[in-house]
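The primary structure of each chain is shown beneath.
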Amino acid sequence: MRRMLTSGTLVAALVLAGAPALAAPLQGAPQQSAAQPVRAVTQGFVDVCNFTKTRPTLKLGSSGSAVRQAQCYLNHSLTGRRLAVDGQFGPFTQKATLRFQRCAGIGVDGVIGAQTWSFLVVWANSPDFVC
């Protein structure tokens, strides 16, 4: 009975034998489709907004660099009118937050907590808009 070697087994056998390991995919093996690119977040990830790395809970009345970060993310995530990136969580930032949360399909409360931060990071750094 003849045994077929997979490319991984062949490579291991060649390496152990001291031969250079060159392997080609098996004929009929499933090929990865280039139509669906895989996005990976790595340690070398470059964020579109660089005001701060902190992610505190933000709500109406909050201020500071984390609010500027959230406003920048909202501008990169939503179509339409841009927010002033002024570091003041006022009614316009709250309205944009509510719209973002509705479009993203997450809890809609106008507060930027852990879940909203997570979705903002993904959508802001995506080539698409959430809505």
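For the structure itself, look to the data block above.
Throughout, a residue's number is its position along its own chain's written sequence, starting from 1. Totals for whole chains, interfaces and linings use every residue, but because this is a predicted model, local features are given only for residues with pLDDT of at least 70 and side-chain atom pairs only at 80 or more, for both listing and counting. As a rule here, side-chain values come from all non-hydrogen atoms in the structure, and water together with hydrogens is ignored.

S.K.: Quick question: what am I supposed to make of the state of the cysteines here?
M.R.: Disulfide: a covalent bond formed between the sulfur atoms of two cysteine residues. Disulfide: a pair of cysteine sulfur atoms within 2.5 Å of each other. Enumeration over the complete set of coordinates arrives at two disulfides. Disulfide partner of Cys103: Cys131, at an S-S distance of 1.8 Å. Measuring handedness by torsion sign, the sulfur bridge of Cys103 and Cys131 sits at about 75° and is right-handed. Taken together, the residues span a long stretch of sequence, with Cys103 in helix 3 (residues 91-104) and Cys131 in the segment after helix 4 (114-124) at a distance of 28 residues. Taken in sequence order, the bonded cysteines of the protein chain link in the pattern 1-2, 3-4. Secondary structure elements follow DSSP: runs of H or I no shorter than four residues count as helices, runs of E no shorter than two count as strands, and numbering proceeds from the N terminus.

S.K.: In this structure, what is going on with the side chain of Ser126? I would like to understand it.
M.R.: Within the fold, Ser126 resides in the segment after helix 4. Only protein chains enter the accessibility calculation, which uses a 1.4 Å probe. A residue is then buried if its area is under 20% of the maximum for its type, exposed if over 50%, and partly exposed in between. Relative accessible area serves as the criterion here: at 19%, Ser126 is assigned to the buried category. Polar contact is defined as a pair of N or O atoms within 3.5 Å, subject to the rule that within protein one atom must be able to donate a hydrogen and the other to accept it, and that residues adjacent in sequence are counted only when both atoms are side-chain atoms. A distance of 3.1 Å separates a polar atom in the side chain of Ser126 from the backbone nitrogen of Asp128.

S.K.: Hey, could you run me through the packing of aromatic side chains in this one?
M.R.: A pair of aromatic rings is counted whenever rings of Phe, Tyr or Trp (Trp by its six-membered ring) have centres within 6.5 Å, and the orientation is called stacked for planes under 30 degrees apart, edge-to-face for over 60 and tilted otherwise. Taken as a whole and assessed by the stated rule, the structure comprises one aromatic pair. With a centroid separation of 6.3 Å and an interplanar angle of 80°, the aromatic rings of Tyr73 and Trp117 are classed as edge-to-face. Here the residue Tyr73 occupies a position in helix 2 (residues 65-77), and Trp117 occupies one in helix 4, the gap between them amounting to 44 residues. For the pair Tyr73 and Trp117, a shared accessibility class is recorded, and that class is buried. Charge over a ring is defined by NZ of Lys or CZ of Arg lying within 6 Å of the ring centre and within 35 degrees of the ring normal. Positioned above the aromatic ring of Phe92, the side-chain terminus of Arg81 is 4.8 Å from the ring centre.

S.K.: Any chance you could explain the pattern of salt bridges here in plain terms?
M.R.: Any Lys or Arg side-chain nitrogen located within 4 Å of an Asp or Glu carboxyl oxygen qualifies as a salt bridge. Scanning all chains against the criterion turns up one salt bridge. Between Asp47 and Arg55 there is a salt bridge whose closest N-O contact spans 3.8 Å.

S.K.: Please explain the packing of helix 2 against helix 4 as it appears in this structure.
M.R.: Two quantities define a packed helix pair, namely the angle between the axes and the distance from one axis to the other. Every axis in this analysis is a line fitted to C-alpha atoms, fitted for helices over the stretch in contact. Angles between the N-to-C directions lie between 0 and 180 degrees. For the pair helix 2 and helix 4, interaxial distance at closest approach is 8 Å and the crossing angle is 50°. In terms of their interaxial angle, helix 2 and helix 4 are classed as oblique. Crossing geometry of helix 2 relative to helix 4 is assigned as left-handed. On helix 4, the residues that touch Ala66, Gln69, Ala70, Tyr73, Leu74, His76 and Ser77 of helix 2 are Trp117, Leu120, Val121, Trp123 and Ala124. Considering only residue class, the contact of helix 2 with helix 4 consists of nine nonpolar, three polar and no charged. An angle counts as roughly parallel when it lies under 35 degrees, as roughly antiparallel when it exceeds 145, as roughly perpendicular when it falls between 65 and 115, and as oblique in every other case. Left-handed describes a crossing in which the near helix is turned anticlockwise from the far one by less than a right angle; the clockwise case is right-handed. In this description, contact between two residues means that some pair of their heavy atoms is separated by no more than 4.5 Å. When residues are sorted by character, Ala, Val, Leu, Ile, Met, Phe, Trp, Tyr, Cys and Pro go into the nonpolar class, Asp, Glu, Lys and Arg into the charged class, and all the rest, Gly among them, into the polar class.

S.K.: Got a minute to help me understand the environment of Leu74 in this structure?
M.R.: Structurally, Leu74 can be placed in helix 2. Setting aside anything within four residues of it in sequence, one finds Leu74 in contact with Leu83, Thr93, Ala96, Thr97, Phe100 and Leu120.

S.K.: Honestly, the side chain of Asp47 in this entry has me stumped. Any pointers?
M.R.: Checked against the element boundaries, Asp47 lands in the loop between helix 1 (7-16) and helix 2. A relative accessible area of 11% places Asp47 in the buried class. Separated by 2.4 Å, the side chains of Asp47 and Tyr73 make a polar contact. Excluding residues within four positions of it along the chain, Asp47 makes contact with Arg55, Gln69, Tyr73 and Asn125.

S.K.: In this structure, what is going on with the nonpolar core? I would like to understand it.
M.R.: The tendency in soluble globular proteins is for nonpolar side chains to be buried side by side. Joining through side-chain atoms within 4.5 Å is the link that ties buried Ala, Val, Leu, Ile, Met, Phe, Trp, Tyr and Cys residues into a set, and such a set is a nonpolar core. Formed by 20 residues in total, the largest nonpolar core has its most connected members in Leu58, Leu74, Phe100, Ile112 and Trp117. When contributions to this core are tallied by element, the ones reaching two or more residues are helix 2, helix 3 and helix 4. Among the elements that take part in this core, helix 2 stands out by supplying six residues, more than any other. Aside from chain neighbours lying at most four places away, what touches Phe100 is Leu74, Ser77, Leu78, Ile106, Thr116, Phe119, Leu120, Trp123 and Val130.

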